[in-house]
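Summary of the model geometry
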Amino acid sequence: MKKIMKKIIINLLAIVLMSGLWGCTKLDENPVGLLDPDGFFKTKKDVQAAVYGINGALAHESLFGRAYLTTLMLRDDMSDIGNRSTALDRINVNDFAVNSTNGLINQIWTQFYVVISCANNAEAGAKSLGLADSEINPLIAEARFGRAFSYFHLVRVFGDLSYIDFAVADPESVKTISRTKEADVYKSIIADLEFAKQWLPDKQTSDSRTRPSKGTAASYLASVYLTLKDYPKAYTEAKYVIDNKALFGYELAPDYQNLYNAATANVLKETIYAIDFLGVQNQFSYNDDLMATMTAAQPWFNKSGFDVIVPSLKVYESFNTLDYRKKVSFDTVYAGVYYTNWVAFAKRPHIAKWSRFPGNNTNGRYTDHNYPDMRYAEVLLIAAEAIGENTGSNTEAEGYVNQVRARARNAAGVMGTYPADVPGGLDKTSFINLVLEERRIELAFEWKRWFDIKRRNLGDAVFKGANSLEPHANFDASRDYLFPIPKTELDVNPNLGPQNTGY
Amino acid sequence: MREHFSSGLWITEISCENNQQPIINLIYKSMKKNYDCSSLPDFSWQKLLLTMKISTLLFFCGITNLIAGTTYSQNTKISLNMKDASIESVLNKIEEESEFYFLFNQKLIDVERKVDIAAHKEPIKNVLHEIFGDEVKIVVYDRQIILTKSDKSATAAAMQQQTITGKVTDEKGEPIPGVSVIIKGKTNGTVTDVNGNYTLELPADAKILVFSYIGTISQEVVIASQTIINITLIEAAVGLNEVIVVGYGTVRKSDLTGSVSSVKSAQLVAFPTSGAVQALQGRAAGVQITANNGDPGGSLNVRVRGGTSINASSDPLYVVDGFIGGIIPQPEDIESLEVLKDASATAIYGSRASNGVILITTKKGSKGKAVIEYNSSYSSQSEINRIDMLNGAQYTEMTKEAFPLYVSAGQETDWQDEIFRKGGIQTHQLSISGGTDLVNYYMSGSFFDQKGIILGSSFNRYSVTSNINMNATERLKIGVNIFGQRSTTGGVNTQEISGGANEAGVVGSALRFMPDQGIYKADGITYATAAMGDPIDNPYVIINENTNNTVNDRLQGNFSAEYNLAKGLSFRTILGVSTTNIRNGRYASSLTVAGKDKGISSIGANKNTNVASENYLTYNTTFATVHKFGLMGGYSHSSYRNESWFAGSNTQITDAFSYWNLGGGSITAIPASGLVEGQQTSFFGRLNYGYSDKYLFTFTSRYDGSSNFSKNHKWAFFPSGALAWNMKNEGFLKDVSAISQLKWRVSYGVVGNQAIAPFQTLARLTNAYSIVNGLVVNAVRPFSVVNDDLKWESTAQIDVGADFGFFNNRLNLTADYYKMITSDLLFPVPLPNYSGYQTQTKNIGKIENKGFELTLSGKILTRELKWNIDFNIASNRKKVLELPGHKDILYKSSPGHLVSLGNSQILREGEPVGSFYGYIYDGVYQTGDTFLPGSGFEQVAGGEKYRDINGKKDANGVLTGEPDGLLNADDQTIVGNPLPKFFYGFNNELSWKDFDLSIFIQGTQGNEILSYTLLELETLGKPINSTTNALDRWTPTNTNTNVPKKTAARSERVSSRWIYDGSYMRLKNIVLGYNMPKQFLQKFKIQKVRLYVSAQNILTITKYPGFDPEVNYRGAGSTLNQGLDYASYPNAKSFTVGLNIGL
């Protein structure tokens, strides 16, 4: 017996030794290097990081890097498809043949909601700290500005929206919501912008123009009211910005060209709000901008152009030859070759604003451009248009347009004669049309035109009219002012229906 | 016999199936009275038995890595004190007290007799002598003591006998020791000695001699008046006693209840391959292996029975010498490779088993003098095919039709000439193996060096392996396997996946780059880049101005110990550690388009560590002679850790830095690093029960816990059961000599696929790359939501199979039918995007794989000219059963720069996985046709014509499947199926005298290929080169064609036009070998010299117009993307000369 016991003990020992050495059954995950949302927010610094998520998410290929800007530009009457062997999604946007599976539409929708989730996350995190209003509200204001900015873009593209203004922990919980009416979305946008205007600083650290300030919020309020045709309020907000331009540090850049030179534009005081990109770098579609390549000819000598967004010849011709802005806006010569001799897809002058001076990167992708969504010139024109609507033209309104025109006469230091000051005494309609035309030229290829067409209901005129720069016979005003809600979204949540008219 | 073999093997008898009568009866267990021991072992029987045991032991040792040697000897001392005890009880006592056991015939040895015995530490032999006196002869071998009547009593019977002698050799003329030579109908017999010679005294009435040996076909020879009978034994096609490695053990092939394919070393080294997986291609039924491309050192796609996953990996699990996730050794060092296919075989690996398990057993040494082998081969390689492209003049003419102002550079360049070269492979391997009673060893060093057929591509590999096994004590066996390898891949950029318009791979560029340009522009200095269209580099630049090197260091140690706890019971433990270090360096010089004026350099590394510990007990026993039990149970724990880091910089001071001075760049790329780790704990067990070798039952299960699993599902259970019926062993078939084997098998089980990436179930924020004021700032954004319910995918599998053997197993057939339903498939289920999250991985969805497998092997000719065949064929049908919300899932698989291509593949319920999705091409519009409107569709003569098949909506806005007179996205449909109807491998081995010839054919049938290559080259919309197919393009004067005109206004579009039949039959390998005559070699003390010439891939029968139908663009690790082709590195055809030397 003893012997057997001994044997058993030895055997057991052997097993325990052999297996026990490496045994262990802890199966919890401990992800070093990853962030757990629970307990992330501890200080204002963490909130700031969450707010900066908004900046990163906007500087994405789906939005201000390419897809969104491309969509808005192709949609208008200023930019046509240059290369008809390009992606069908682009051709369909340009040709008013969009359907609800269009990839660009999907990208825009999805990524703006990523931005919104960043804003909601930051706001929730900020509130969780329980700090005094004066401490934390400026950050909340920055988050709410980001949310308002995104919804302002979305609502103009899609109309009624699924509106979320809280951090979503469980997506299932919002799976059955229905769309919020456009008017209510605007109310929320205005509320966010008002809050932002109240709490944001007059100037951001280092006078950054890629973070919002009080002036930014006011400028967007002006733009929102203009869109809503609430011209008195549009004027009030624009006037507020203009009156406080010194406080906010706004002024027109002396040379129009410098606005489109990545080496100089990023520090100009004219920029009110821009999306920040850094040259050369990218991270999986983040910080990935391609507007230089999308607009340049193929091949863009020694660089990469895709020939995609190319104005019709009529658009080029619609610019006055004496207008310095025409030179800045178009390229007609590449490497000494005039456009009529180009072996490109489109033998037409190409957009120069984004490809001529892209800064650090000679490839045309990952440039140094910051893409301006609001600059002081636009605020002046908003004020002028609002006055035109409110009272008809007056010297104040003319003065605002003239500021813009005067700057345009400065051709790299040489003062030209064109465009002349606004003639006095124009009737209301003529003045408003003049301002709209000024916007078309001044803000050319800055993705403003499509929204002007939409808010002014100009579609039939500009696409089907006798003087159409880019005719599209199939433009349908009952359908085409809005894009369809992505099909995948309606599939997931049928309560988002009905689909926008005509899709 | 109480011999226990380590690896779960049941051996309760030594049996030579083909020689049923005398030998089976001869073997019996000493003390069991119910054994029929009627045949009397006289002296020669005893010898036979002894030799049989030795040879059998050696045989099994070779396979199961057992050390045959033992420390037991005749001098072992025992103590006994018994009075008036029967001899039987004395022997029993000795068996109990020691490891000895007795073999004897009860009719000869009187064990009833009572004796008194008192021994104190006396040698066993003395004790026995005291009991038996001179009457009984005692032979001690190992732990067996054989008792026979002493010579004195046997001599009388031998008086009238004549003597017969002879030699037994194998097919190669090598002597076989240990062959039993028995007189038919008698019990007399002997065994051959080490030189294969035997001498046998024949009684007068002896008529027939029966020669038998394990693993060979036994032969009967009529004696007549011969006095010398020499014989050649032929290896049985499938030895029933062949031992098959299964999870945590081994099993005799005849006891197998599951579906397992076994591939032996000779097939794995039939021709030079970059790895063992490649060598497996076409060798095992139901295992489909496709080269993703021909890149030296490139990856392969392996699917066992179709692959059970959609979004997770469908790669099989690799187990190397019991080490799960071990590094696959080079083919030369592999003894055998087993593919476990059905649930009965795989369930022991539980949550990682649903895509099959490939068990790799490395070579071991065996007892005997050192065997030194040297193998070497040299291959010359060239591309398998080229695509006929337009020349410069033709290209210019065509381009001007769309771009009238195009000015040709006026040169003529065949870019395929510029990139292809004669490639080559050389291999060298030196191995030494051998062993003593205590230790055996196998050591090998090998070198593989490949120069790719595309300039700049190369792959080489140095490996060192050593396998040492020893008997540390009489109960403890220890094994250590150390493996080290360095491989270096000198890459050229071939696979274009998501690269943008300014990036092109070398093959893609060689095809599409303008043939009217040269390497240099007119100045003779500056490289020519694409004159129009996507600004890509010419192929010469891609090769010469890009660097892409990967160095992969692998180190693995595998320690095993086996402790014999008691008779039949043993404990085994394995500790494996492996690390893989991969370093990749890239540089695009300042002369490339991508690195224009600056140079882009980066270096990244990945360090992967796996640690696994396996511990299990095995117990084998037999009750009442007919009930065989095998039990195995154990515990394992494993962990892995993957560390990665990356750095890069741009704008280098000089191109000379390549990627070795990142500090020399003025712009630093965003660095990255990451850590992924996980752990798994498992409990597993297996029960085998066999009744009378007729009915076999196996139950297997595993209980896995994994850190990757979600909170609510940390543990998973995977059971399986199998039944087999050895019908041949039934009385009614026993005497049907034509059928030598007939076994039916059925199994059912559930296995899993872990599929869940670490941390996938946790809610996460992620760092967001964010720029403020031109500076990178710390930023986060919401990334994923918690998922407490995520679990593994499970596959329920039924398998019905049969194994047939005919004519002494000269012909063997294995057939299997299986059906697998995989449920809880992981899908990124769409979330409402407005929540900020796009998808959440959930267990939704089902797919089904079902199919037949057939393996046929046979020895067609066995005389001087020998011909063996091995044929396998399998068909698998894989379809989607259920998708999230029952909605189609469309996805994109085209190369990034083909921007106009959208989703071109589809998952749809009821359809094959990864079906191609696109428009139906109806040829070319002619003048006067009615043009169908649609944005982006042509409406001109010479334009592409597509079919309007859908678009009409009913009142609810739902598509009706009727045409609406408009072309748009609704008109897409399923246009092709990438999955083969069946695939096969056919190996022929012929030998005649010193020559051998092997012909290996492999192929697939019925699969379709979507060729993005031809789509790009033949759309004729871009200013790029085209295939000569473009010569038939539509022009006003050439209207009878289905090739559209050249135009600048055409988008690429996936359509039925780009779907091709991908069936092929390929002469994969043909070898002619010559073995130098033994007699000649013996003078130089050389065992073996074999010279061979061979050719690979020299003939392919296919209709596919691309480079090669064996292609799998984006196939690496993917189940979704099968049957795609885009500008892949073509496979090579090779001519090889080789040499094998054995000392």
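Residues numbered from 1 in each chain as written. Chains lettered and ligands numbered in written order. Predicted model: local features only at pLDDT ≥ 70, side-chain atom pairs only at ≥ 80, totals over all residues. Heavy atoms only, no water.

Moving on: the overall build of chain A. For chain A, the helix and strand inventory stands at 22 helices and ten strands. For chain A, the spread of C-alpha atoms along the principal axes amounts to about 120 × 55 × 50 Å. Considering only contacts within chain A whose residues lie at least 6 apart along the sequence, 71% involve residues at least 24 apart. In the structure as shown, chain A presents an accessible area of about 17900 Å², 56% of it carried by carbon and sulfur atoms. (Helix = DSSP H or I, 4+ residues; strand = E, 2+ residues; numbered from the N terminus. Contact = heavy atoms within 4.5 Å. Areas by Shrake-Rupley, 256 points an atom, 1.4 Å probe, with all protein chains shown as cover.)

Moving on, we come to the interface of chain B and chain A. On the side of chain A, 98 residues touch chain B, which itself brings 95 residues to the contact. Both faces combined, the contact of chain B with chain A buries some 7600 Å², and carbon together with sulfur accounts for 62% of it. Taken as a group, B:Leu765, B:Tyr769 and B:Tyr834 account for 11% of the area that chain B buries against chain A, more than any other trio of residues on that side. Counting every contact that joins chain B to chain A gives one salt bridge. The partner of A:Glu172 in a salt bridge is B:Lys842, and the shortest N-O contact between them spans 2.7 Å. For the interface between chain B and chain A, the tally reads 21 residue pairs in polar contact (both at pLDDT 80 or more). Sort the elements by how many residues they give to the side of chain B that touches chain A and strand E34 (residues 672–691) of chain B lands first, with five residues. (Buried area = accessible area lost by both parts, 1.4 Å probe. Salt bridge = Lys/Arg side-chain N within 4 Å of Asp/Glu carboxyl O. Polar contact = N/O pair within 3.5 Å; in protein donor to acceptor, adjacent residues only side chain to side chain.)

Residue and element names in this part refer to chain A. Orientation of helix H9 (residues 214–227) relative to helix H16 (residues 376–390), taken along the N-to-C sense of each, is 40°, at an axis distance of 10 Å. Classed by the angle they form, the pair H9 and H16 counts as oblique. Pair H9 / H16 crosses with left-handed handedness. The segment H9 lies against H16, with Ser 219, Ala 222, Ser 223 and Leu 226 engaging Val 379, Ile 382 and Glu 385. Considered class by class, the residues forming the contact of H9 with H16 number four nonpolar, two polar and one charged. (Axes fitted to C-alpha atoms, helices over the stretch in contact; angles between N-to-C directions. Parallel < 35°, antiparallel > 145°, perpendicular 65-115°, else oblique. Left-handed = near helix turned anticlockwise from the far one by under 90°. Nonpolar A, V, L, I, M, F, W, Y, C, P; charged D, E, K, R; others polar.)

It helps to recall that an α-helix has 3.6 residues per turn; residues three or four apart then point in one direction. The end-to-end C-alpha distance of helix H10 (residues 231–243) of chain A, which contains 13 residues, comes to 18 Å, matching closely the 18 Å that a straight helix rising 1.5 Å per residue would cover. In this structure, the buried residues of H10(A) make contact with helix H8 (182–199), H9, helix H11 (245–248), H16 and helix H17 (395–409) of chain A. (Expected span 1.5 Å × (residues − 1).)

Here we come to the pairing of strand E24 (residues 368–383) of chain B. Moving residue by residue along a regular strand, the side chains alternate between the two faces of the sheet. Residue and element names in this part refer to chain B. Strand direction decides the pairing type here: E24 and strand E25 (residues 423–435), joined by twelve bridges, are antiparallel. By the bridge assignment for E25, Glu 373 is matched with Ser 431. As defined by bridge partners, E24 adjoins strand E63 (residues 1132–1142) across eleven bridges and the pair is classed as antiparallel. Paired with Ser 377 across the strands is Gly 1138, a residue of E63. (Pairing = 2+ DSSP bridges.)

Looking now at the sheet that holds strand E49 (residues 905–907) of chain B. All names here are of chain B. Taken in spatial order, the four strands of this open sheet run E48-E49-E50-E55, and their pairing is antiparallel. The open sheet has two free edges, formed respectively by strand E48 (889–891) and strand E55 (973–976), since each of these has just one partner strand. Geometrically, the sheet is characterised by an average inter-axis angle of 45° between neighbouring strands, direction not taken into account. Bridging between E49 and strand E50 (residues 915–918) involves two bridges; their strand directions are antiparallel. Paired with Ile 906 across the strands is Ser 915, a residue of E50.

Turning next to the pairing of strand E42 (residues 793–806) of chain B. All names here are of chain B. Counting buried residues along E42, ten of its 14 residues qualify, which places the element largely inside the surrounding structure. Here strand E37 (residues 739–753) pairs with E42 via 14 bridges, running antiparallel. By the bridge assignment, Leu 742 is partnered in E42 with Phe 804. Note that E42 and strand E43 (residues 811–823) share 13 bridges and pair antiparallel. Looking across to E43, one finds that Phe 804 is bridged to Leu 813. Hairpin connection from E42 to E43: four residues lie between these consecutive antiparallel strands, with Phe 807 at a positive phi of about 50°. (Buried < 20%, exposed > 50% of the residue type's maximum accessible area, 1.4 Å probe, protein only.)

Residues and elements named next belong to chain B. Spatial ordering of the open sheet is given by E17-E22-E23-E20-E21, a layout of five strands whose pairing is mixed. If you trace the sheet from one side to the other, it starts and ends with strand E17 (260–264) and strand E21 (323–324), each paired once. Pairing analysis gives six bridges linking strand E22 (residues 334–340) to strand E23 (residues 357–362), with the strands arranged antiparallel. When the bridges of E23 are listed, Leu 337 appears paired with Ile 360.

Right, let's talk about the packing of aromatic side chains for a bit. The geometry of two aromatic rings is summed up by the distance between their centres and the angle between their planes. Scanning the entire structure with this criterion turns up 78 aromatic pairs over all chains. When the centroid spacing of 4.9 Å and the interplanar angle of 20° are considered together, the rings of B:Tyr703 and B:Trp715 count as stacked. Taken together, the residues span a long stretch of sequence, with B:Tyr703 in strand E35 (residues 695–706) and B:Trp715 in strand E36 (residues 715–726) at a distance of twelve residues. With a relative accessible area of 36%, B:Tyr703 lands in the partly exposed category. An aromatic cluster is present here, built from A:Phe64, A:Tyr68, A:Phe112, A:Phe145, A:Phe149, A:Tyr220 and A:Tyr273 joined pairwise through their rings. A cation sits over an aromatic face here: A:Arg156 above A:Phe152, 3.5 Å from the ring centre. The lysine or arginine in question, A:Lys197, covers the ring of A:Tyr240, its NZ or CZ lying 4.4 Å from the ring centre. (Phe/Tyr/Trp six-rings, centres within 6.5 Å; stacked < 30°, edge-to-face > 60°. Lys NZ or Arg CZ within 6 Å of the ring centre and 35° of its normal.)

A cluster of nonpolar residues, B:Tyr378, B:Ile860, B:Leu861, B:Leu865, B:Trp992, B:Phe995, B:Leu1072, B:Val1093 and B:Val1137, forms a patch on the protein surface that exposes about 760 Å² of accessible area. Relative to the helices and strands, B:Trp992 is located in strand E56 (residues 982–992). (Patch = residues over 30% accessible without salt bridge, like charges linked within 9 Å, V, L, I, M, F, W, Y side chains within 5 Å.)

Residues and elements named next belong to chain A. Taking 1.5 Å of rise per residue, 15 residues should cover 21 Å, and H16 covers 21 Å from first to last C-alpha, within 8% of that figure. Within H16, 14 of the 15 residues are buried, which leaves the element mostly enclosed by the surrounding structure. Backbone geometry just after H16 places Gly 392 at a positive phi near 85°.

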